[in-house]
Structure formats: structure tokens, C-alpha cells
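Spelled out, the chains give:
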Amino acid sequence: DVKVTQSSRYLVKRTGEKVFLECVQDMDHENMFWYRQDPGLGLRLIYFSYDVKMKEKGDIPEGYSVSREKKERFSLILESASTNQTSMYLCASSRTGRDTQYFGPGTRLTVL
Amino acid sequence: EDQVTQSPEALRLQEGESSSLNCSYTVSGLRGLFWYRQDPGKGPEFLFTLYSAGEEKEKERLKATLTKKESFLHITAPKPEDSATYLCAVQAWTGRRALTFGSGTRLQVQP
């Protein structure tokens, strides 16, 4: 079974803090994705990566950056957290050529 | 721009009462249509991928079908444990490999 893990289930941070969300997958998938999910807005793509050290902006990249130094790990960074970044953050991975994405359990981030 | 619209937003069924969820999509060349189930506070769980019009897939009480403009998730004789939010997503042949999601249908099955 594909397993995608995220470093924290719940996180509370203060405005202006730098926040790191970590995602690890164990199936040697090339593609990794970060989404945020908000009520009424569905899942929105923040960033994705097709390979190590490669990254592409999604639909809502403002205020975020990412890092992919190893194939299995994809990190989402909030450079200076703001209250409007309070959300559920979901990481996913997929194999190139088989487009099914497998999701982690999510991190519910609250920025105070 | 790819778009996915799911209806209804919410659905309440009695146990054993069959129904269907709708997913209408607009995409510049469909590469795949995906159905996921999401329980409260958890990540989406993969259910089905459909690739071409006329294709059907089944899993227990769930059956997904696909036409050129929409997909249906049929739930036959649902049980309370089928209560969840069901998400539909599409992927286009052109451009990025990410999925475009609908807002989901929140299903509640009462005993």
C-alpha cells in the first residue's frame, strides 16, 4: 500500500512565524503535491514537483515556498504565517504514467 | 480552464435508499476522472479512476460511470459507514499533472 505521511496532524502558530510542513512518501513516486482545503472552496493546488529539486507553482502559491531535496520528501514552507493561511494542508504523491494521487492524513494549521 | 461541479452539495439518505452523486466537468481533453472519499479530519482516500466515456467501475456498494460531460457515483443500498464527503477530480492531457477538484458532496446515511 502507498503510504504518505505528514509531520503533524495539528499545528498552532503565531502570525509572522516561519512554518515548515513535511511530507514523506514511501513508494518512490516521482510527483508530489501540496494542496490546501477550505470549506466551500475545495482542494486548491499550492505547489507541485515532478522530480527532485524541481518545483512548479500551482493556483495559489503566494505566501508559500517548497523544497524537494530528496525524492521521498516534499516540504511546504510558510515564510511568514498569516491568519488567512489557517487551513487544512494535504500532501499527495503519484507515479508518472499512473496519475492516481495518494493523499496523506492532512495537517490542520491554525495561525493566531 | 478546467472546471468540476458536484451536486448535490449535501445528501441525506436512509440506510438502504439508493441514490447517485453527480460530477459535471469541463476539461481540455480528459486524461482521467477520479473519485475520492474523505472522512472528517482525514485525507482523501482513492476510490476509482475512469479514463473514457462508457467506462464503469465498481467497489462494494459503489459504482462510478463516465460520459463525455459528467460522471455519476451510484450508491446501492448504502450503510451508515458510507457517510463521508465524496470528491470528484479531473486531469487534462495538456499542461500540469495536478488534479482539479470539485467541492464535494457530503453524504449522510441514517440507520
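Summary of the structure given here.

### Examining the state of the cysteines
Then, number 1: Considering all chains together, one arrives at two disulfides over all chains under this definition.
Then, number 2: A disulfide bridge connects A:Cys23 with A:Cys91, and the sulfur atoms are separated by 1.9 Å. Since a negative S-S torsion denotes a left-handed disulfide, the A:Cys23-A:Cys91 link at about -75° is left-handed. Of this pair, A:Cys23 sits in strand β3 (residues 19-25) while A:Cys91 is found in strand β9 (residues 87-95), placing the two residues 68 residues apart along the sequence. With respect to burial, A:Cys23 and A:Cys91 carry one shared label: buried.
Then, number 3: For B:Cys23, the disulfide goes to B:Cys88, at an S-S distance of 1.9 Å.

### A closer look at unusual backbone geometry
Residues and elements named next belong to chain B.
Then, number 1: The residue after Ser 7, namely Pro 8, is reached through a cis peptide bond having omega -10°.
Then, number 2: Along the polypeptide, Pro 8 turns up in the loop between β1 (3-7) and β2 (10-14).
Then, number 3: The phi dihedral of Glu 60 falls on the positive side, at around 55°, and the residue is not glycine.
Then, number 4: With phi around 45°, Ala 77 is a residue other than glycine that occupies positive phi space.
Then, number 5: Counting through the fold element by element, Ala 77 comes out in the loop between β8 (70-75) and β9 (84-92).

### So, the pattern of salt bridges
Opposite charge on two side chains permits pairing when their charged atoms draw close.
Residues and elements named next belong to chain A.
Then, number 1: Counting across every chain of the model gives ten salt bridges over all chains.
Then, number 2: Here Arg 73 makes a salt bridge to Glu 22, at a shortest N to O gap of 3.8 Å. Taken together, the positions of Arg 73 in strand β8 (residues 73-78) and Glu 22 in strand β3 put the pair 51 residues apart, joining distant regions of the chain.
Then, number 3: What makes Arg 73 partly exposed here is its relative accessible area of 36%.
Then, number 4: We note a salt bridge from Arg 44 to Asp 38, for which the minimum N-O separation is 2.8 Å.
Then, number 5: What makes Arg 44 partly exposed here is its relative accessible area of 25%.

### Considering the interface of chain A and chain B
Then, number 1: Tallying the contact residues gives 25 residues for chain A and 19 residues for chain B.
Then, number 2: Summed over both partners, the interface of chain A with chain B comes to about 1,700 Å²; 51% of that surface belongs to carbon and sulfur atoms.
Then, number 3: Where chain A packs against chain B, one counts zero salt bridges.
Then, number 4: The interface formed by chain A and chain B includes six residue pairs in polar contact (both at pLDDT 80 or more).
Then, number 5: Taken together, the elements giving at least two residues each to the side of chain A that touches chain B come down to β4 (31-38), β5 (42-49), β9 and β10 (98-103) of chain A.
Then, number 6: Here the side of chain A that touches chain B gets five residues from one element, more than from any other, and that element is β10(A).
Then, number 7: Class assignment of the residues belonging to the side of chain A that touches chain B gives a composition of twelve nonpolar, ten polar and three charged.

### What about the sheet that holds β3(A)?
Residues and elements named next belong to chain A.
Then, number 1: Read from one edge of the open sheet, four strands run β1-β3-β8-β7, paired in antiparallel fashion. Each of the sheet's edge strands pairs with one partner strand only, and the pair in question is β1 (4-6) and β7 (64-70). With strand direction ignored, the average angle separating the axes of adjacent strands in the sheet is 20°.
Then, number 2: Sheet topology places β1 next to β3; three bridges connect them, and they run antiparallel. Its bridge partner lying in β3, Thr 5 is registered against Val 24.

### Focus: the packing of aromatic side chains
Then, number 1: This structure, assessed with the given rule, holds eleven aromatic pairs over all chains.
Then, number 2: For the pair A:Tyr35 and A:Phe103, a centre-to-centre distance of 5.7 Å together with 40° between the ring planes defines the contact as tilted. With a gap of 68 residues between them, A:Tyr35 in strand β4 and A:Phe103 in strand β10 connect regions that are remote in the sequence.
Then, number 3: Assessed through its relative accessible area of 0%, A:Tyr35 is described here as buried.
Then, number 4: Given the relative accessible area of 11%, A:Phe103 is considered buried.
Then, number 5: Both rings, one in B:Tyr36 and one in B:Phe46, keep their centres 5.9 Å apart while their planes meet at 70°; by these two values the pair is edge-to-face.

Cut-offs applied
Residues numbered from 1 in each chain as written. Chains lettered and ligands numbered in written order. Predicted model: local features only at pLDDT ≥ 70, side-chain atom pairs only at ≥ 80, totals over all residues. Heavy atoms only, no water. Disulfide = S-S within 2.5 Å. Helix = DSSP H or I, 4+ residues; strand = E, 2+ residues; numbered from the N terminus. Buried < 20%, exposed > 50% of the residue type's maximum accessible area, 1.4 Å probe, protein only. Salt bridge = Lys/Arg side-chain N within 4 Å of Asp/Glu carboxyl O. Contact = heavy atoms within 4.5 Å. Buried area = accessible area lost by both parts, 1.4 Å probe. Polar contact = N/O pair within 3.5 Å; in protein donor to acceptor, adjacent residues only side chain to side chain. Nonpolar A, V, L, I, M, F, W, Y, C, P; charged D, E, K, R; others polar. Pairing = 2+ DSSP bridges. Axes fitted to C-alpha atoms, helices over the stretch in contact; angles between N-to-C directions. Phe/Tyr/Trp six-rings, centres within 6.5 Å; stacked < 30°, edge-to-face > 60°.

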